[in-house]
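What follows is the residue order along each chain.
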Amino acid sequence: MSLSTFRRNSHMAISVSLALFMVHGNQVGIGIAGVQRFIYDRVQQDAWIAVIIAGIMTHIAAWFMLKILAKFKNMDLYDIHQSVFGKWPARVLNFIFIVYIMGSALTILRGYIEIIQSWMFPEVPSWILNAALLCLTVYGVTGGIRVLAGISFFSVGLTIWQLLLMAYPLQYADFHLLQPVFHHDIGQLLDGAKKMSFSTIGFEIILFIYPFVKEKEILPRYVHGGLFMTTCLYVVVMLVTLLYFEGEQLQHLIWATFMMMKIVEFPFLERFEFVSISLWMLIMLDNLLMDLWIAMRGVHHISGVKERMALFGIVGVMFFASNFLETRQSINLITDIFGGVGFYIIFVYPIVLYVVIRLFRKGAVRT
Amino acid sequence: MLVHYLLVVVLLNGCGEQHVLEKLGLAVAVGYDLSKDGQLLGTTVFYQIDPEARELVTVISGTAHTSKGLTLSQNRESSKKIVGGQIRVVVYHDELARKGILSLVENLTRDASIGSNVYLTVAKGRAYDILTHRYPENSNIGIYLYQAIRQNVEGENMISSKLHEFMKDYYAVGKDPVMPYIERVKNELHINQIGLFRDEKLVAEITTREGFFLKVLRERYNKGELEINISLDKKRLFTVIEHISSKKQIKVLDLEKPRFSVKVKMTAQIQEMAEKIDLSKPEQLKKVQKAIELAVKKETEHLLEKLRKHDVDPVGFGEIYNIASQKSGKKKLSKDECREIMKRAKYEVDVEIKVLRTGVIG
């Protein structure tokens, strides 16, 4: 048995119902702040259909992931790679995964800091925010998987109510903007759904938390429940965005969701989006924590370095790398890259892996 | 975890630029004019939170080439740092609005500190004259203006033109924005016109009375009232209807020679008749109903004719046409194509009015 199965005692396990919050919490991150214009760019008023298609794609990918995991009881993806491909190919694959996970964590981190800088504190240098958030992350990740599960739960619970605020932009809804419905062919819709991938990925964490989940046989329903919640959330946000903004107006907006929040006004608080942006830290934090936890375990798995040392190394690399991402263009570029790569890694690769396992490892179920 | 979270919050607090209330000038209203040398003349009305200040509201103005340049030049004149987070009304000089104001409006949306709930207005004459005038009854012209507009918009006497709504209408293919048109008459502000825009340029104005019919076509009505001149048994008389709620339905009848059917359904309550007519008799009521229908239809047609003459489309006929033409398999029209087609548009107006009540007497 590999190194990563160490310390797998009952006190390390997490309740299966928390998987719902972990999946949902980890999917919803920085993407929801401004993904709308990219989908609109492809399929205009049918963008909400593309979002539903993207949601269905997540269910399919998760189904394959769960099938793979069920074949190898108590293993995470790193172990599965090793058992399927052997030592060295597994190392290469795991390395690719680690780089990808770190890249998407970096995108989330930099994306959030960009929002803070544009909306609230333009004069604060990125490195300070970077350092502060990364310190917080180190502290959280060292708390272990149960802490991360708890943070996911609270992050979802404390932020989901913001959905109710969509009632404010809905007052300005113009239903002409959804017509004509179904005006794009399936190829275009799939293309739009693909643009969504950066915002829907994150559920791949089940590949890594699987060994820690208590009642694995009922895990699928919680995973799919979490995915369904995400899809519903995105569809609502997308629909309201389409109704609230004129198409060309939307294409100029970097963070359409926060622009919608600008219309929210309470008697005691005129500009709600500032509260919303601050709360976004919670939404973003559980993404960052899970990603770094996964990367940490990966580095530990392929190199044997102690987990805590690996974590410091990863954080150091991220801190260093984020200094190269100063401008809007570079952030857009990295988001594009990891969105595109993410599509293949999360939606295509599990199917490939499943086929490989079915073809070459008949009856190779190990427990 | 919580302690750490709080620690990060506290530590980061020191990093941002501090905004101490006593050192700020909170802009409430902003006005833009065209100055003589072609530059922008900006006027800002702002609050100062300062116990020692003699006046709580101050007005400052300056000239520059851009709106942000104005803020800079105004800051140089002011002992307080002027911030835009509380801006509620923006006033544009009509001369300026005739030249186009998109860049100015867009700048408001670019600035994250300015909300989407700001009311945009056009002024007859210079905004400077409106904002710097001393109104004996109102100490803060910014708030006064804001409340005057909001009261009318919420009472559905005026078409709303918030920053967001203007931008949305501007970007729409086949729809044009409108704005309240304000005017200072001695010591009072009057809002009795509506400015019609063609894209970003002010081209014409209509009265608030015509604005009523425009609002019926633009959006749903829930309350509001109207004095209307009807002819009954060859006599002309006035009646007032109130608690009007309306629904409209606009359909494209013909794509080739653009023809629209405009159906308006209204329910209302008669508040006043200038002459004694027994409304408890069904046939009398029916007659009155028919007469109101006819009068509303006439005024609506008149308004549509006027809009077409000025080549503006605040109702959004172009948008409806565009959807219909896309459904028939054509490509999405551009703004110019849409306007070109709308020039030839014909309208068939059909009004249906139901008098629900006649007040508390029959």
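The coordinates are above.
In this text, all values refer to a predicted model and were calculated from it rather than measured experimentally. (Residues numbered from 1 in each chain as written. Chains lettered and ligands numbered in written order. Predicted model: local features only at pLDDT ≥ 70, side-chain atom pairs only at ≥ 80, totals over all residues. Heavy atoms only, no water.)

### Some points on a nonpolar patch on the surface
Residue and element names in this part refer to chain A. The condition is simple: Like charges within 9 Å and nonpolar side chains (Val, Leu, Ile, Met, Phe, Trp, Tyr) within 5 Å are joined into patches, using only residues over 30% in relative accessible area that form no salt bridge. Computed by Shrake-Rupley with a 1.4 Å probe, the accessible areas treat only the displayed protein chains as cover when residues are assessed. One side-chain nitrogen of Lys or Arg within 4 Å of one carboxyl oxygen of Asp or Glu is enough to make a salt bridge. Here a helix means four or more residues in a row that DSSP labels H or I, a strand means two or more in a row labelled E, and each is numbered from the N terminus.
On the surface, a nonpolar cluster with roughly 630 Å² of combined accessible area is contributed by Ile52, Ile56, Ile60, Ile351, Val355, Leu359 and Phe360. Contributions of two or more residues to the nonpolar patch are made by helix H3 (47-71) and helix H17 (328-360). Considering each element in turn, the nonpolar patch owes the most residues, 4 residues, to H17. Considering the arrangement of structural elements, one finds Ile351 in helix H17.

### Side note on the sheet that holds strand E12 (residues 259-273) of chain B
All names here are of chain B. Convention followed: A strand pair is defined by DSSP finding two or more bridges across the two strands. In this analysis, axes come from line fits to C-alpha atoms, helices being fitted only over the stretch in contact, and the angle between any two N-to-C directions falls in the range 0 to 180 degrees. Here a residue-residue contact requires only that any non-hydrogen atoms of the pair lie within 4.5 Å.
Strand order in the open sheet formed by 4 strands is E10-E11-E12-E13, and the pairing between neighbours is mixed. The open sheet has two edge strands with one neighbour each: strand E10 (226-232) and strand E13 (346-357). On average, adjacent strands in this sheet sit at an angle of 45° to one another, irrespective of strand direction. Direction of pairing for E10 relative to strand E11 (residues 235-254): antiparallel, over a ladder of 7 bridges. Within the sheet, the bridge partner assigned to Leu226 lies in E11 and is Ile241. Across the sheet, helix H9 (residues 282-310) lies against E10, E11, E12 and E13, angled at about 145° from E13, the strand it touches most.

### A look at the interface of chain A and chain B
Put simply, the rule reads: In this description, buried area is defined as the sum, over both parts, of the accessible area (probe of 1.4 Å) that is lost when the two are combined. Each residue receives one of three labels: charged for Asp, Glu, Lys and Arg, nonpolar for Ala, Val, Leu, Ile, Met, Phe, Trp, Tyr, Cys and Pro, and polar for the others, Gly being one of them.
Taken together, the contact pairs 42 residues of chain A with 34 residues of chain B. Taken together, the two surfaces of chain A and chain B that pack against each other cover about 3300 Å², and 58% of this comes from carbon and sulfur. Our enumeration of links across chain A and chain B arrives at 1 salt bridge. Ionic pairing is found between Arg88(B) and Glu270(A), a salt bridge with its closest N-O pair at 2.8 Å. Among the secondary structure elements, those contributing two or more residues to the side of chain A that touches chain B are helix H5 (87-119), helix H6 (126-141), helix H12 (219-244), helix H13 (247-251) and helix H15 (273-303) of chain A. Partitioning the side of chain A that touches chain B into residue classes produces 24 nonpolar, 9 polar and 9 charged.

### Notes on helix H11 (residues 335-342) of chain B
To be explicit about the condition: Here the term buried applies to any residue with accessible area under 20% of the maximum for its type, exposed to any over 50%, and partly exposed to those in between, with areas from a 1.4 Å probe on protein chains only. Note: the arc covers the axis-to-C-beta directions of the helix.
Considered for burial, the residues of H11(B) that qualify are Cys338(B), Arg339(B), Ile341(B) and Met342(B). The buried residues of H11(B) occupy an angular sector of 160° when the element is viewed end-on, so they sit on one face.

### A short note on empty space enclosed by the protein
Applicable threshold: Two kinds of site are reported from a 1 Å grid over the protein atoms alone, namely cavities, where a 1.4 Å probe fits but cannot get out, and pockets, open sets with protein on both sides within 12 Å along at least five of seven lines, and residues are called lining when an atom falls within 4 Å of a point. Grid points are joined across faces, edges and corners, and a volume is the space filled by probe spheres set on the points.
The tally for this structure, following the rule as stated, stands at 5 cavities of 30 Å³ or more. Of the volumes computed, that of the largest cavity is approximately 230 Å³. Val28(A), Ile32(A), Thr159(A), Leu233(A) and Ile283(A) are the residues nearest the centre of the largest cavity, which is lined by 18 residues in total. For the lining of the largest cavity, the secondary structure elements donating two or more residues are helix H1 (18-27), helix H7 (145-159), H12, helix H14 (256-261) and H15 of chain A. Approximately 160 Å³ is the volume attributed to the second largest cavity. When residues of the lining of the second largest cavity are traced back to their parent elements, those giving at least two are H9, helix H10 (317-327) and H11 of chain B. No other element matches H11(B), which puts 4 residues into the lining of the second largest cavity. Within the lining of the second largest cavity, the residues separate by chemical class into 8 nonpolar, 2 polar and 8 charged.

### Structural notes on the packing of H15(A) against helix H16 (residues 307-322) of chain A
Axes are the key here: two packed helices are described by the angle between their axes and the distance separating the axes. All names here are of chain A. Here is the rule we go by: Small angles under 35 degrees read as roughly parallel and large ones over 145 as roughly antiparallel, with 65 to 115 read as roughly perpendicular and the rest as oblique. It is the rotation of the near helix from the far one that decides the hand of a crossing: anticlockwise by less than a right angle makes it left-handed, clockwise makes it right-handed.
Relative orientation of the contacting elements H15 and H16 amounts to 120°, with a least axis distance of 8 Å. It follows that H15 is oblique to H16 by the angle criterion. For the element pair H15 and H16, the recorded crossing hand is right-handed. Of H16, the residues touching H15 (which contributes Leu292, Ala295, Met296, Arg297, Val299 and His300) are Glu307, Ala310, Leu311, Ile314, Val315 and Met318.

### Points about the nonpolar core
Proteins that are soluble and globular tend to have nonpolar side chains buried together. Cut-off, in case you're wondering: Residues belong to one nonpolar core when they are buried, are Ala, Val, Leu, Ile, Met, Phe, Trp, Tyr or Cys, and are joined through side-chain atoms within 4.5 Å.
Counting residues in hydrophobic clusters, the biggest one holds 135 residues, and the most contacted among them are Ile39(A), Phe203(A), Ile209(A), Phe258(A), Leu292(A), Trp293(A) and Met318(A). Here this core gets 15 residues from one element, more than from any other, and that element is H15(A). Excluding residues that lie within four positions of it along the chain, Ile39(A) makes contacts with Gln44(A), Ala47(A), Ala50(A), Val51(A), Gly192(A), Met196(A) and Met238(A). Within the second largest apolar cluster, 75 residues are counted, among which are Leu145(B), Leu217(B), Val296(B) and Ile341(B).

### Description of the pattern of salt bridges
Residues and elements named next belong to chain B. Scanning all chains against the criterion turns up 25 salt bridges over all chains. A salt bridge links Glu205 to Arg98; the nearest nitrogen and oxygen atoms lie 3.8 Å apart. Highlighted residues: Glu205 in strand E9 (residues 201-207) and Arg98 in helix H3 (residues 94-99), separated in sequence by 107 residues. Glu205 sits in the partly exposed class, given a relative accessible area of 26%. Between Lys343 and Asp311 there is a salt bridge, with its nearest N and O atoms 3.8 Å apart. On the criterion of sequence distance, the pair formed by Lys343 in the loop between H11 and E13 and Asp311 in the loop between H9 and H10 is long-range, its members being 32 residues apart. When its relative accessible area of 40% is taken as the criterion, Lys343 is described as partly exposed. Accessibility expressed as a relative area gives 18% for Asp311, which makes it buried. Bridged by salt links that share partners, the residues Glu156, Asp169, Lys175, Lys215, Arg218 and Glu219 form one connected network.

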